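# Summary of the model geometry
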Amino acid sequence: MTTATFANAPTTGAKPFKLIRHSAALAKRSLLKTMRTPEALLDVTLQPVIFLLLFTYVFGGAIAGSQSVYLQYLLPGILAQTIAMSATAIGVNLNTDISKGVFDRFRSLPIARSAPLVGAVLADFVRYALVAVITLSVGYAMGFRIHTDPLQAAAAMVMAATFALALSWVSVCLGMIARTPGSVQGMMILLVLPLSFGSNTFVQTSTLPGWLQAFVNVNPITHLAGLSRSLFLGGPVTSHLLWTWGWIIGLTAVFMPLALRAYGRKV
């Protein structure tokens with residue numbers, strides 16, 4: 001049996017548990033790669049710190065009259081914003097790997113064809129968890145306090161990371177169709193920035209113009225930030241939870257198949 005024949009056999013009839021096993025192995029590979037290049041984590045380690053410090057101490061007094069009061073409102077929004085921005089990196093990295101021929105080597109292995117993409121997304125969950133932990137830790141050092149309980153706080157962090165996983169499929173899809181890593185980053189920034197600033201991340205929705213409120217009210221970042229505030233500080237959860245799960249399911253259902261299809265054409 002030739003190498004090509006052996007490689008194609010499991011790919012065409014791969015069972016779900018084989019896909020999971022292959023994806024987990026490639027996720028481990030991706031994590032080891034990240035550990036050897038810690039500078040790749042600068043966006044998820046320094047970015048939330050910079051945003052918290054900048055917006056709290058520069059705008060807190062003007063917006064809320066008190067930095068400490070504003071921090072209580074701001075931190076859940078910064079968590080939603082930075083974790084969405086961190087989903088940009090995966091598309092850039094995958095596009096770079098394809099241009100370097102890394103995925104050509106994967107094709108010669110007896111693994112499920114979609115395993116490299118699924119594995120990369122699973123590995124990124126660690127990045128998203130790191131964003132959540134660092135944001136909350138720095139916030140606590142600055143004076144932020146949880147008013148609910150540890151279980152609800154953990155739920156807020158898990159939901160944020162889960163949303164980032166769904167959004168990462170958008171980045172993966174762009175990484176499969178874009179010609180260069182730089183174009184992937186540019187397109188994701190053009191997507192994430194309006195979502196981040198056209199939301200209730202920094203100010204309450206009621207302070208915005210009416211035409212903008214219509215967009216803010218359906219913005220996924222708005223509902224993720226609102227869900228985080230409810231779980232951290234207390235308040236109604238159901239509406240924000242349903243909206244957030246709706247966006248998670250919708251983004252995954254649309255962009256995961258598109259990304260896998262584009263990947264099949266690319267490699």
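Quick look at the structure, then. (Residues numbered from 1 in each chain as written. Predicted model: local features only at pLDDT ≥ 70, side-chain atom pairs only at ≥ 80, totals over all residues. Heavy atoms only, no water.)

Let us look at the packing of helix 5 (residues 67-85) against helix 10 (residues 181-197). The axes of two packed helices give the description: the angle between them and the distance between them. Contact geometry of helix 5 with helix 10 gives a least axis separation of 10 Å together with a crossing angle of 175°. Comparing their axes, helix 10 and helix 5 come out roughly antiparallel. Together, Q81, A84 and M85 of helix 5 and V192, L193, S196 and F197 of helix 10 make up the contact between the two elements. Of the residues that constitute the contact of helix 5 with helix 10, the class distribution is 5 nonpolar, 2 polar and no charged. (Axes fitted to C-alpha atoms, helices over the stretch in contact; angles between N-to-C directions. Helix = DSSP H or I, 4+ residues; strand = E, 2+ residues; numbered from the N terminus. Parallel < 35°, antiparallel > 145°, perpendicular 65-115°, else oblique. Contact = heavy atoms within 4.5 Å. Nonpolar A, V, L, I, M, F, W, Y, C, P; charged D, E, K, R; others polar.)

With that settled, consider the nonpolar core. Core analysis: the biggest nonpolar cluster contains 71 residues, and V172 and F232 have the highest contact counts within it. By residue number, the principal contributor to this core is helix 9 (residues 150-177), which donates 17 residues. Among all residues touching F232, those that are not within four sequence positions of it are L75, P76, L79, L136, F144, I146, H147, T148, A153, A156 and M157. (Core = buried A, V, L, I, M, F, W, Y, C linked by side-chain atoms within 4.5 Å. Buried < 20%, exposed > 50% of the residue type's maximum accessible area, 1.4 Å probe, protein only.)

It is worth spelling out the pattern of salt bridges at this point. Under the criterion given, the structure shown has 1 salt bridge. Here R127 makes a salt bridge to D124, at a shortest N to O gap of 3.7 Å. You can see R127 and its partner D124 sitting in helix 8 (residues 115-142), 3 residues apart, about one turn around the helix. Side by side, R127 and D124 carry an identical accessibility label, which is buried. (Salt bridge = Lys/Arg side-chain N within 4 Å of Asp/Glu carboxyl O.)

All right, on to the packing of aromatic side chains then. Centre distance and the angle of the planes are the two values used to describe a pair of aromatic rings. One pass over the structure, following the stated rule, counts 6 aromatic pairs. Measuring from ring centre to ring centre gives 5.2 Å for F197 and F202, while their planes differ by 25°; the resulting arrangement is stacked. Among the residues examined, F202 registers a relative accessible area of 10% and is labelled buried. Here the basic side chain of R229 rests over the ring of Y73, its NZ or CZ set 3.7 Å away from the ring centre. (Phe/Tyr/Trp six-rings, centres within 6.5 Å; stacked < 30°, edge-to-face > 60°. Lys NZ or Arg CZ within 6 Å of the ring centre and 35° of its normal.)

Everything listed is a geometric property; what it means functionally is a separate question.
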